[in-house]
Amino acid sequence: MLKSFKNIILLVISLSVSMTSISCQSSSDDAVEDSPEIITPEEQEDDYKLPNIDLSNWKVTLPIGNPTEVLPPEILDYATNETLKPFMYNDSIEGTLVFYTYPGATTNNTSYSRTELRELMNPEDKGDTNWTFAQGGYMKGTLAMSDISKDDDGDYHRAIIMQIHGRLTDEQRDLIGEDDNNAPPILKIYWTDGAVRVKTKVLKDLNASYEELLETDAWGDDDGYTFSESVGFGKFTLEVKVSDGRMEVILNDKESVVYDDIHIEKWGVFENYFKAGNYLVSKDSDAFSKVQYYELEVSH
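Here's what I pulled together on the structure shown here. Source: prediction; values computed, not measured.

Conventions used here
Residues numbered from 1 in each chain as written. Predicted model: local features only at pLDDT ≥ 70, side-chain atom pairs only at ≥ 80, totals over all residues. Heavy atoms only, no water. Helix = DSSP H or I, 4+ residues; strand = E, 2+ residues; numbered from the N terminus. Buried < 20%, exposed > 50% of the residue type's maximum accessible area, 1.4 Å probe, protein only. Contact = heavy atoms within 4.5 Å. Areas by Shrake-Rupley, 256 points an atom, 1.4 Å probe, with all protein chains shown as cover. Polar contact = N/O pair within 3.5 Å; in protein donor to acceptor, adjacent residues only side chain to side chain. 1 Å grid on protein atoms, 1.4 Å probe; cavity = no way out; pocket = protein on both sides within 12 Å on 5 of 7 lines; lining within 4 Å. Points joined across faces, edges and corners; volume = space filled by probe spheres on them. Nonpolar A, V, L, I, M, F, W, Y, C, P; charged D, E, K, R; others polar. Core = buried A, V, L, I, M, F, W, Y, C linked by side-chain atoms within 4.5 Å. Salt bridge = Lys/Arg side-chain N within 4 Å of Asp/Glu carboxyl O. Patch = residues over 30% accessible without salt bridge, like charges linked within 9 Å, V, L, I, M, F, W, Y side chains within 5 Å. Lys, Arg positive; Asp, Glu negative; His and termini not counted. Charge placed at Lys NZ, Arg CZ, Asp CG, Glu CD.

## Quick word on the overall build of the protein chain
Phase 1: When its secondary structure is counted, the protein chain shows five helices and 17 strands.
Phase 2: Burial analysis of the protein chain (300 residues in total) assigns 43% to the buried set.
Phase 3: Taking the contacts inside the protein chain whose residues are at least 6 apart along the sequence as the reference set, 68% of them involve residues at least 24 apart.
Phase 4: When the accessible area of the protein chain is evaluated, it comes to approximately 16100 Å², of which 47% is carbon and sulfur surface.

Here it is as structure tokens:
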């Protein structure tokens, strides 16, 4: 009898220890389930996106100073450059390079301000080396209008997001007695009320002499072309293809407009350079615009 009683006591103790162990294990499991997720630095870096843009062959013009220009190598450190940071900065959520501008300082021959890149084929000569249509060129950008102000009527302001700008050689400049190398832009691509609109130049007199072709006032504006697809504030891709006597602009690899007429042929006398960014077409005191670029590439 005594032996049976001892066996019963031992069984009770064993069951008690087992239940305590199960209870502790359950509490431990709950603690693990309720603990916060630990994110490693490597995982945090995966969430930080950067734009796919090489700035080695670009300079930027800002709406401050006289105005202010920043060239390589300083432009490569735009993320820490105190002059650039208010106007040109990364959006690490979208993975874009943002260009912000407002009415301020302007360049010669224009009354509007910009935060805009200017192509430098050879950064060491600061823009003296450029290209002709015969040599050809290609620019592709993926971008979006991030934010833009409205006028007093409630309509969005406009911004130029890409350009091809003409340039006189030193010999051409001296031939017509100009004091700078400026020539008209053969291509302006606008963001206007959610649409992409293209403007180019046409020669006023097709019989103009070589010297007359070089004059800015020899060229007028065409009627323009608006792509049928509305881009709104979404991401879109533009391609600009230039060759001898031909210029093509393509939106989202779906729709294109081609210029291959006598006006483009005559334009071949000029040198050119690409531009991309944010050129705000407004002088309203409260106007502003933010254009973000995901990708930008140029080749010749």
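## Section: the side chain of N272
Phase 1: Inspection of the secondary structure puts N272 in strand 16 (residues 271-281).
Phase 2: Owing to a relative accessible area of 0%, N272 belongs among the buried residues under this scheme.
Phase 3: Here W267 takes part through its side chain, which lies 2.8 Å from a polar atom of the side chain of N272.
Phase 4: A distance of 3.3 Å separates the side chain of N272 from the backbone oxygen of F270, its partner in a polar contact.
Phase 5: Not counting residues within four places of it along the chain, the set of residues in contact with N272 comprises N130, W131, T132, F133, I164, H165, G166, I186 and W267.

## Thoughts on the layout of surface pockets
Any empty space left between atoms is shown by rolling a water-sized probe over those atoms.
Phase 1: Considered as a void within the structure, the largest pocket measures approximately 880 Å³ in volume.
Phase 2: Along its surface, the largest pocket is lined by 37 residues, and N108, N109, H165, N182 and Y273 are the ones closest to its centre.
Phase 3: Those elements giving two or more residues to the lining of the largest pocket turn out to be strand 2 (58-62), strand 6 (114-119), strand 8 (158-167), strand 9 (182-192), strand 10 (195-203), strand 11 (219-221) and strand 16.
Phase 4: Ranked by the residues each element gives to the lining of the largest pocket, the list is headed by strand 9, at six residues.
Phase 5: Looking at the lining of the largest pocket, its residues break down into nine nonpolar, 16 polar and 12 charged.
Phase 6: Considering only enclosed or pocket space, the second largest pocket measures out at about 220 Å³ in volume.
Phase 7: Around the second largest pocket sit 14 residues that line it, and D54, N57, W58, E297 and V298 are the ones nearest its centre.

## Some details on the environment of Q292
Phase 1: Structurally, Q292 can be placed in strand 17 (residues 289-299).
Phase 2: In the structure, Q292 is positioned 147 residues away from M145 in sequence and 6.3 Å away in space, judged by C-alpha atoms.
Phase 3: Reaching out from Q292, the side chain makes a polar contact with the side chain of T96 at a distance of 3.1 Å.

## Here we look at the side chain of N252
Phase 1: Mapped onto the elements of the fold, N252 is located in the loop between strand 14 (246-251) and strand 15 (255-259).
Phase 2: For N252, the contacting residues outside a window of four places in its chain are E229, F236 and T237.

## A word on the nonpolar core
Phase 1: M88, L238 and Y293 are the most contacted members of the largest nonpolar core, which has 58 residues in total.
Phase 2: Residues within four places of L238 in sequence aside, it is in contact with M139, K140, G141, L143, I161, M162, I189, V196, V249, I250 and L251.

## Considerations on the pattern of salt bridges
Phase 1: This model, assessed by the stated rule, comprises 11 salt bridges.
Phase 2: Of the charged contacts in the structure, one is a salt bridge between K275 and E116, with a shortest N-O distance of 3.2 Å. Here E116 lies in strand 6 and K275 lies in strand 16, a separation of 159 residues in the sequence. With respect to burial, K275 and E116 carry one shared label: buried.

## Focus: unusual backbone geometry
Phase 1: Cis geometry is adopted by the peptide bond preceding P67, which originates at N66 and carries an omega value of -10°.
Phase 2: Notably, N109 is not glycine yet its phi reads approximately 70°, a positive angle.
Phase 3: On the secondary structure map, N109 appears in the loop between strand 5 (96-101) and strand 6.
Phase 4: Despite not being glycine, D193 has its phi angle at roughly 55°, a positive value.
Phase 5: Here D193 lies in the loop between strand 9 and strand 10.

## Some thoughts on the environment of L120
Phase 1: With respect to the secondary-structure elements, L120 resides in the loop between strand 6 and strand 7 (137-148).
Phase 2: Residue L120 is classed as buried on the basis of its relative accessible area, which comes to 0%.
Phase 3: Taking the C-alpha atoms as reference, L120 lies 7.6 Å from N130; in sequence the two are 10 residues apart.
Phase 4: Filtering out sequence-adjacent residues up to four positions away, L120 remains in contact with N57, W58, K59, L71, P72, K126 and G127.

## A short note on a negative patch on the surface
Phase 1: Where like charges cluster on the molecular surface, the negative patch consists of D152, D153, D155, D193, D284 and D286.
Phase 2: Of note, D152 is situated in the loop between strand 7 and strand 8.

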